[in-house]
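Each chain, written out:
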Amino acid sequence: MKLLMLGGTEFVGRAITEDALSRGWDVTVFHRGHHAPPPGTTALHGDRTAPGGLDALAEGEWDLVVDTWSGAPTAVRDSARLLHGRVGQYVYISSRSVYAYPAPAGLDEDGPVVEGSPDADATAYAEDKRGGELAALDAFGDRALLVRAGLIIGPYENVGRLPWWLNRVARGGPFIAPGHADLQLQYIDVRDLARWTLDAGAAGLGGAYNLVSPAGHATMGSLLEACASATGAEFEPRWTDSAAIEKAGIEPWTELPIYLPEGELHEYMFGGDVTKALAAGLVCRPVEETVADTWTWLRALGGVAPHRTDRPQKGISAEREAALLGL
């Protein structure tokens, strides 16, 4: 198989690139040149937002292209049009954020989505991803695979969610454990996303697929226990209900990464129906493996994960945490 990876040097793109290399595939990585791609790839350079930025892709044929773009849909549109006729399958890594909010738990791929346009400039994340989907569909039709990922964690994470929890638990001492231990989570390990995406793309699947673990695959409790086990720290959670967190003015998702209180937003983020992906071969590794491997990767970097400049820093300050805990 010949794979063209648009991106391929960080987080999702890197995991997909490494999975493809492990299969013995011929991998070409098209990127801006800011980070080195994995060894064993062919690198092409270009900036999809600049005039002539796709010139390096003017020639060449591939069995499969994977595109992780999350900015202006016009970049997906231009890439898909340029590659039409020279690529067998176009895989677009989209997001469950394309579903209109609010959405009930159990929503499948036929649920209502936000408005989007393949001809739009960057507006907001959900609309941009929907526009990217439409751009892929316009050029490739049923040969476009739309991977609607939910929360993505695992090695190479450059958003700061799981790395923050690992470092916080490793620091030791009592810590805020938000909600309750049985609070259900739904996420996808980036390597499980990579494996399923390449399997599905190679099999010629098309259309939209929700790609996250089944609801309840992990809980807030099992995630935090896995952090303690991986780091070797004493497990000292102080379970704090949503009312106390809200009263203290602490922001879920940002100051307490991954956590969302039960209710409308929790159902939207952690209640997707993945029946279709499971039937198409999705397998999700245990949360303990995801957490342990992320800790191994993080330690190799000295405990400091890379961070996307377009995403805010995550995690509550030690001072605000201590105030809430009464320490």
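Residues numbered from 1 in each chain as written. Predicted model: local features only at pLDDT ≥ 70, side-chain atom pairs only at ≥ 80, totals over all residues. Heavy atoms only, no water.

In this section: the nonpolar core. Core analysis: the largest hydrophobic core is formed by 40 residues, its most contacted members being W165, M220, L223, L256 and V291. Among the elements of the structure, β7 (151-153), α4 (162-171), β8 (175-178), α6 (220-231), α8 (264-270) and α10 (287-300) are those that each provide at least two residues to this core. Here this core takes six residues from α6, the largest share from any one element. Contact partners of M220, with chain neighbours within four places excluded, come to W165, P178, H180, A181, L183, L185, W239, P257 and Y259. (Core = buried A, V, L, I, M, F, W, Y, C linked by side-chain atoms within 4.5 Å. Buried < 20%, exposed > 50% of the residue type's maximum accessible area, 1.4 Å probe, protein only. Helix = DSSP H or I, 4+ residues; strand = E, 2+ residues; numbered from the N terminus. Contact = heavy atoms within 4.5 Å.)

For the rest of this paragraph, the subject is the sheet that holds strand β11 (residues 207-211). Strand order in this open sheet of seven strands is β3-β2-β1-β4-β5-β6-β11, and the pairing throughout is parallel. Strand pairing shows two members of the sheet lacking a second neighbour, β3 (42-45) and β11, which therefore form its edges. Going from strand to strand, the sheet's axes swing by 20° on average, the running direction of each strand aside. The pairing of strand β6 (residues 144-149) with β11 spans five bridges and is parallel. Counted as the bridge partner of L146 is A208 from β11. On top of the sheet, helix α5 (residues 190-202) reaches β1 (2-6), β4 (62-67), β5 (87-95), β6 and β11; it is set at about 160° to β6, its chief contact. (Pairing = 2+ DSSP bridges. Axes fitted to C-alpha atoms, helices over the stretch in contact; angles between N-to-C directions.)

Quick look at unusual backbone geometry now. A cis amide bond links Y101 to the next residue, P102, at an omega of 0°. Mapped onto the elements, P102 comes out in the loop between β5 and α3 (125-140). Positive phi outside glycine occurs at W253, with the angle close to 75°. In this fold, W253 is placed in strand β14 (residues 252-253). Here W253 falls in the buried class, since its relative accessible area comes to 19%.

Packed helices, taken two at a time, are described by their axes: the angle between them and the distance between them. For the pair α4 and α10, the least separation of the axes is 10 Å and the interaxial angle reads 80°. On the basis of their axis angle, the class for α4 and α10 is roughly perpendicular. The segment α4 lies against α10, with L162, P163, L166, N167 and A170 engaging T290, V291, T294, W295, W297 and L298. Of the residues belonging to the contact of α4 with α10, the class tally is eight nonpolar, three polar and no charged. (Parallel < 35°, antiparallel > 145°, perpendicular 65-115°, else oblique. Nonpolar A, V, L, I, M, F, W, Y, C, P; charged D, E, K, R; others polar.)

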